[in-house]
Amino acid sequence: MSGEQVDVTNHDRLSALGQRVLAGGMVDREEAAFLFGLRSTADRFDLMAWANRIREAFKGNKVHLCSIVNAKAGGCSENCRFCSQSSFYQTGSPKYGFVDPEPVAAASEEANANGVTAVGLVAAWKGLNEGPMLDEVCDRIREMAAAGKVRPDASLGIIKNPRVAERLKEAGLECYGHNLESSRRFFPTHCSTHTFDDRLETIRHLKAAGIRICSGGIIGMGETWEDRLDMAFTLREIGASVVPVNILNPIPGTPFEKLAPLPPLEILQTIACFRFILPRQEIMVAGGRTVNLRDLQSMVFAAGASALMVGNYLTTLNQPVERDLQMLKDLGLDPDWEDHGFEGQVGAAPIAFKPRRADAPALVD
Ligand code: SF4
């Protein structure tokens, strides 16, 4: 940490904004630009202290845990330049067709044993239409919902037909992951096979069907602070319930393989700014956490994050879930076993989760 002093003017302005958000108010774009523009280490820690207070006020000591299953891997028709699963790039990433019931049941069981609230089925394809594949996807969702171990989530790409969203809802889907990835301005820099508007249209269909939205993006792709600010405000406008913040993990073979990693304090500042802009949402630190933050991982909560993607990511490894659970315990935080604090709920009541398995590994005091 530096020996810099907190700038008194910045400190006073931060205090005023923090108190306003704590009282239920919002920050506007100009105020958010001030937050993103703080540069000294002292000011950044001051920002995080307020983001932490806002997290505590709206989320208490609960941390929402999610995990994912790579339900269909590789060979994707899209050209997202960060993605190892695109068929445009040679990355050596695994390829297989849509997953059978057994691995999904095993992942749900393991997730439940570790206090994970939701498991998302994630498929590497452009999107989903009516047809046999939608039938199969709905079967997996129904099986997960019937088992009652975890909330079945899904991230299945672009939806053009509103009936597809309705079918997913009827099968028991409550929450759909569909990242904006970046700002409208920056989006064409990392993808040209579909558009920002395709993504917004998908989210409209899902919301109309009564499905909650998990949507965020990836930082560290060469975007500006303004792009991150724009993305956060778009996420506020669309009413995202969960906002994943992924940090680019440059994959060899992708066009972004040589991008320089973001400094950890810049990542933490971004999370803190998101907490100010999205005070009630679950801000979930997802892909790229361990490789980019290293020893500063546990500081994501002090920066305002309230949710964590645990277990392995789609094509890269994460630290073992036991270490994440120990990290939460050491910080005085609890996994949100019963999905409390899931904001922006629309439609059906949350499903009843079975409590954490009695034979789950004990945590060290
Ligand atoms: S649509 Fe998804 S799986 Fe396909 S290339 Fe883009 S990020 Fe990867």
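Every value quoted in this text rests on a predicted model; they were computed, and no experiment measured them. Numbers given for residues are sequential positions, taken from 1 along each chain in its written order. For a predicted model such as this one, the threshold for reporting local features is a pLDDT of at least 70, and the threshold for listing and counting side-chain atom pairs is 80 or more; totals across whole chains, interfaces and linings nevertheless cover every residue.

**Quick notes on the site of the ligand**
Here's step 1: In this analysis, residues qualify as near a molecule or strand once their C-beta atom, positioned from backbone atoms, comes within 6 Å of it. Taken together, Cys76, Glu78, Cys80, Cys83, Gln85, Ser86, Ala124 and Gly157 make up all the residues around the ligand.
Here's step 2: In this classification, Asp, Glu, Lys and Arg are treated as charged, Ala, Val, Leu, Ile, Met, Phe, Trp, Tyr, Cys and Pro as nonpolar, and every other residue, Gly included, as polar. Across the shell around the ligand, the residue classes break down as four nonpolar, three polar and one charged.

**Notes on the nonpolar core**
Here's step 1: By our criterion, buried Ala, Val, Leu, Ile, Met, Phe, Trp, Tyr and Cys residues that link up through C-beta atoms within 7 Å make up a nonpolar core. Here a residue counts as buried when 20 or more other C-beta atoms sit within 10 Å of its C-beta, as exposed when there are 12 or fewer, and as partly exposed otherwise, the C-beta atoms being derived from the backbone. Counting 101 residues, the largest nonpolar core has Ile271, Phe276 and Met284 as the members making the most contacts within it.
Here's step 2: It is helix H10 (residues 264-277) that contributes the most residues to this core, eight residues altogether.
Here's step 3: Each domain's extent was defined by an automatic or database domain assignment. No fewer than three residues from each of domain 1 (8-55) and domain 2 (62-335) sit in this core.
Here's step 4: Non-local contacts of Phe276, meaning those with residues more than four positions away in its chain, are made with Leu17, Val21, Val27, Ala32, Leu35, Ala51 and Ile54. Numbering of helices and strands runs from the N terminus; a helix is a DSSP stretch of H or I covering at least four residues, while a strand is a stretch of E covering at least two. For the purpose of contact definition, each residue receives a C-beta atom placed from its backbone, and two residues are in contact when these atoms lie within 7 Å.

**Details of the environment of Ser40**
Here's step 1: Tracing the backbone through its elements, the reader meets Ser40 in the loop between helix H2 (29-37) and helix H3 (41-59).
Here's step 2: Taking the C-beta count within 10 Å as the criterion, Ser40 has 14 such neighbours and is therefore assigned partly exposed.
Here's step 3: For the pair formed by Ser40 and Asp7, sequence separation is 33 residues and the distance between their alpha carbons is 8.7 Å.

**Re the pairing of strand S3 (residues 151-155)**
Here's step 1: With five of five residues buried, S3 lies mostly within the body of the structure.
Here's step 2: By the alternation rule, side chains of S3 split into Arg151, Asp153 and Ser155 and Pro152 and Ala154, which are all buried.
Here's step 3: By definition, two strands form a pair when at least two bridges between them are found by DSSP. Bridge analysis of strand S2 (residues 118-123) against S3 gives five bridges, and the strand direction is parallel. Residue pairing for S3: Val122 is matched across the bridge by Ser155.
Here's step 4: Assignment of crossover handedness uses the view with strands pointing away from the viewer, where a clockwise path from the first strand over the helix to the second indicates a right-handed crossover. Note on the crossover from S2 through helix H5 (residues 132-147) to S3: the handedness is right-handed.
Here's step 5: Handedness of the crossover joining S3 and strand S4 (residues 175-177) through helix H6 (residues 162-171) is recorded here as right-handed.

**Some thoughts on H5**
Here's step 1: Taking 1.5 Å as the rise per residue, H5 with 16 residues should run 22 Å; its terminal C-alpha atoms sit 23 Å apart, in good agreement.
Here's step 2: Listed as buried for H5 are Val137, Arg140, Ile141 and Met144. Along the axis of H5, the buried residues cluster in a sector spanning 95°; they form a single face. Within H5, the exposed residues directed more than 90 degrees away from the buried face are Pro132, Asp135 and Ala146.
Here's step 3: Looking at the buried positions of H5, the neighbouring elements they touch are helix H4 (101-113), S2, S3 and H6.
Here's step 4: One or two residues past the end of H5 sits Gly148, with phi positive at roughly 70°. Helix span, as expected, comes to 1.5 Å for every residue beyond the first. Relevant arc is that of directions from the helix axis to the C-beta atoms, nothing else.

**Quick look at the packing of H2 against H10**
Here's step 1: Here H2 crosses H10 at 160°, and the two axes come no closer than 9 Å. The orientation of H2 with respect to H10, classified from their angle, is roughly antiparallel. Here H2 and H10 pass one another in a crossing that is right-handed. Two secondary-structure elements touch here, H2 through Ala32, Leu35 and Phe36 and H10 through Cys273, Phe276 and Ile277.
Here's step 2: Each residue belonging to the contact of H2 with H10 can be placed in one class, and the counts come to six nonpolar, no polar and no charged. What counts as an axis is a line fitted to C-alpha atoms, over the stretch in contact for a helix, and the angles between N-to-C directions run from 0 to 180 degrees. Here the word oblique covers every angle except those under 35 degrees (roughly parallel), over 145 (roughly antiparallel) and from 65 to 115 (roughly perpendicular). The sense of a crossing depends on the near helix, which, turned anticlockwise from the far helix by less than a right angle, makes the crossing left-handed and, turned clockwise, makes it right-handed.

**Overview of the pairing of strand S7 (residues 242-247)**
One face of the sheet, then the other: side chains in a regular strand alternate in exactly this way.
Here's step 1: Buried residues dominate S7, accounting for six of its six residues.
Here's step 2: Of the two faces of S7, the one lined by Val242, Pro244 and Asn246 and the one lined by Val243, Val245 and Ile247 are each fully buried.
Here's step 3: Relative to S7, strand S6 (residues 217-219) is paired through three bridges, and the arrangement is parallel. Bridged to Ile219 within S7 is Ile247.
Here's step 4: A crossover connection joins S6 to the parallel S7 through helix H9 (residues 225-238); in handedness this β-α-β unit is right-handed.
Here's step 5: Across four bridges, S7 lies against strand S8 (residues 282-285) in parallel orientation. Considered in S8, the bridge of Pro244 is made with Met284.
Here's step 6: Following the chain from S7 across H10 to the adjacent parallel S8, one finds a crossover that is right-handed.

**A word on the confidence of the model for the protein**
Here's step 1: For the protein, mean pLDDT is 89; residues scoring 70 or higher make up 88% of the total.
Here's step 2: The predictor attaches a confidence to each residue, called pLDDT, with possible values from 0 through 100. Here residues 340-365 scores under 50 on pLDDT; set against residues more than four positions off or in separate chains, the count is 46 contacts.

**A few points about the environment of Pro335**
Here's step 1: On the secondary structure map, Pro335 appears in strand S10 (residues 334-335).
Here's step 2: With 20 C-beta atoms packed within 10 Å, Pro335 lands in the buried category.
Here's step 3: Excluding anything up to four places from it in sequence, Pro335 contacts Val63, Leu65, Gly115, Leu325 and Leu328.

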